[in-house]
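Residue strings, one per chain:
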Amino acid sequence: MATLLSVNTGMPKDMSWQGRTVHTGAWKAPVQGPRMVRRLNVDGDGQGDLAGHGGEIRAVLVYQLQSYQYWQKHLGRDDLTFGIFGENFTVDGLPDDEVCIGDRYRIGEAEFEVTQPRVTCYRVGMRLGEPTMASLLVAHHRPGFYLRVIKEGRVQAGDGITLTRKGPEELSVADTDALLYLPDRDPATLRKALNIPALSPGWQQSFRELAAAQQPQQEPGWPGERAGTQQPREEPGWAGFKTMRVARIVPETPSISSVYLSATDGAPLPEARPGQYLSLRLTVGEAAPAVRSYSLSCAPTIGTYRISVKHEPHGKVSSYIHATLHPGDLVDVASPRGTFVLEGGTRPIVLLSAGIGVTPVLAMLHQLAATRDPRPIWWIHTAHDRTHHAFAEETKALLAQLPNAHKHIYYTAENPHPDEPHISRGHPTDRSLSATGIPTDADAYVCGPPAFMDDLGGFLRDHGLRPERIHTEQFSALPAINPGVTPTAAIRPHQPPGPAGTGPLVTFARSGITAPWSPAHASLLDFAEACDVPTRWSCRTGVCHTCITHLVSGDITYTTPPLELPEPSTILVCCSQPATEVVLDL
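Now for a quick tour of the structure. Keep in mind the model is a prediction, meaning the values are calculated, not measured.

Next up on the list: the packing of helix 8 (residues 358-370) against helix 9 (residues 392-400). Closest axis-to-axis distance for the helix 8/helix 9 pair is 9 Å, and the angle between their directions is 30°. In this view, helix 8 runs roughly parallel relative to helix 9, as classed from their interaxial angle. Helix-helix and strand crossings are classified by hand; for helix 8 and helix 9 the assignment is left-handed. Each of L362, L365, H366 and A369 in helix 8 lies in contact with helix 9, whose residues at this interface are E394, T395, L398 and L399. In terms of residue class, the contact of helix 8 with helix 9 is made up of five nonpolar, two polar and one charged.

The following block contains the structure:
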């Protein structure tokens, strides 16, 4: 019979790590005597990051004596005391390759159900002083597992562990872990996993996406993140940058100009999806070339792309485009990319924008008009006033081609004319959006300043739209995912501190930073953090793919081979270094 050897608890505390503060409950130690296990926790225990650990589905973490013995030999360690792997229950028996998702066990007075393998979290490596530990747990098929509390009760070291029910499909913890994180997945096994009700919702979602031949959209230990917070696969039209010619430049408003780009040889251009963007590399002054990304603002013709650029008073690149760039000039352009794209289907469409945020949704409107799309379509745009209302006549003509279009415009600094019922003074509000008749089953595409997207996203959710049907585009860096790290005041991205590196140039396109690589940094993720570029990660060892990033151009090498390679044209920045000059979509 399996036996509970130790009950381990620990309350969250702040720990110093790589110059940051991590709030974590990973430091656990054995306790004596009986302990009450409740629905969310063992008494006296807590988790620092409830988004990734703890909660009803992950109330108790289990790790085995046999795995301790394995790691003592593999790592050459004799200091692995119970609780050091962050587990609540250290057990003799219950190996990961025999315990199955959905199995139920009685321990002492309590009863438990197995819900998922351990989350691939960097904090286990932090606790052990072994940075690659999260990857090793997966690669060696020894993750440990979480329990849900079916019946609360007291447990203590020495209690026997009795299997009370086998889970359906008999899919082991080790096989479940490998199914998510390792290559060569068996479709039949994916179907088995999706047939286990006890499997945690986050893992179920990841397996549904894999079953649909997609990469997981998020680390399954962190449910609640919006789908699309990572950068799913997409095939580029061409690798890296290629030279294109400025065909013409057209002023749209006093501060916005459209730039038309064509191939230097007149060849047809790859078709872009409505909503995608181009990255331009421009030599501005004597500094390293600058890379900026601009949304395509119309459906591409056979030989031309159009971007529309707002002149920012202190923007080095936008100033160059408005004042120095001329028809006939040559610029380096990366192929269309981006996942903020118009999806097919039959649901109503809502296109919401403010200011220069109109560009990607305008491309979507072009596509809808070109096909005379029969769906109900709402066009809602906010501008400062009539003079600064970009593409007003263009959108009017496009909307006239649609059989079921609705339009509403907001001017923040100008009153509407009496014969303009579709124009309002001010900003969109919850009440005014509801009055436009937006249906709750619509797909919404929102682009504009961050505060605008936050407000409008909230209004739409309150109105009844499902969160996964509210799509947003950010021109700047994506929001950081740094689990457990104590938030600090945001710092504008900057050059890395210390002496300049002598390696290849690394460009973070969204953040507008280009700097030479230095081998003082362990990885591109480490280099980005030195520049205060917002980053997204979880395991930091090439397992979870949370750090997946589009490689716009260049080549990299992996310092630690990922357990599964990402899709083409993407990389894992947590375990890679530049082999040549690189441009990253960060």
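Looking now at the sheet that holds strand 18 (residues 330-337). Across the sheet, six strands lie side by side as 16-15-18-13-14-17; this open sheet has antiparallel pairing. Here the strands that pair on one side only, and so sit at the sheet edges, are strand 16 (290-295) and strand 17 (304-310). Shown here is a sheet whose adjacent strand axes are inclined to one another by a mean of 40°, direction ignored. Sheet topology places strand 13 (residues 241-251) next to strand 18; five bridges connect them, and they run antiparallel. The partner of K242 across the bridge, within strand 18, is V333.

Overall, mixed pairing links the five strands, which are arranged 26-25-31-27-29 in an open sheet. Because the sheet does not close on itself, it has two edges, and the strands there are strand 26 (513-516) and strand 29 (570-572). Sheet twist, expressed as the mean angle between neighbouring strand axes with direction ignored, is 35°. In terms of strand pairing, strand 25 (residues 505-508) meets strand 26 through four bridges, oriented antiparallel. Pairing of V506 across the sheet is with A515, part of strand 26.

Counting across every chain of the model gives zero disulfides. Lacking any disulfide linkage, C447 is separated from the closest cysteine sulfur, that of C298, by 16 Å. On the basis of relative accessibility, which here comes to 0%, the residue C447 falls in the buried class.

Of the residues making up helix 1 (residues 65-75), those classed as buried are L65, S67, Y68, W71 and L75. Each buried residue of helix 1 sits inside an arc of 155° when the element is viewed along its axis, so together they form one side. Of the surrounding secondary structure, the elements contacted by the buried residues of helix 1 are strand 1 (2-9), strand 6 (60-64), strand 7 (89-92) and helix 3 (133-139). Note on helix 1: the residue one or two positions beyond its end, G76, has a positive phi of about 65°.

Glancing now at helix 8. Each full turn of the α-helix corresponds to 3.6 residues, which orients residues three or four apart in the same direction. In this model helix 8 runs 18 Å from its N-terminal to its C-terminal C-alpha over 13 residues, within 8% of the 18 Å that 1.5 Å per residue would give. Among the 13 residues of helix 8, eleven are classified as buried, and the element is accordingly described as predominantly covered. Considered for burial, the residues of helix 8 that qualify are V358, T359, P360, V361, L362, A363, M364, L365, H366, L368 and A369. As for helix 8, its buried residues are in contact with strand 16, strand 17, strand 19 (349-354), strand 20 (377-383), helix 9 and strand 23 (443-447).

Analysis parameters
- Residues numbered from 1 in each chain as written.
- Predicted model: local features only at pLDDT ≥ 70, side-chain atom pairs only at ≥ 80, totals over all residues.
- Heavy atoms only, no water.
- Axes fitted to C-alpha atoms, helices over the stretch in contact; angles between N-to-C directions.
- Helix = DSSP H or I, 4+ residues; strand = E, 2+ residues; numbered from the N terminus.
- Parallel < 35°, antiparallel > 145°, perpendicular 65-115°, else oblique.
- Left-handed = near helix turned anticlockwise from the far one by under 90°.
- Contact = heavy atoms within 4.5 Å.
- Nonpolar A, V, L, I, M, F, W, Y, C, P; charged D, E, K, R; others polar.
- Pairing = 2+ DSSP bridges.
- Disulfide = S-S within 2.5 Å.
- Buried < 20%, exposed > 50% of the residue type's maximum accessible area, 1.4 Å probe, protein only.
- Arc of directions from axis to C-beta.
- Expected span 1.5 Å × (residues − 1).

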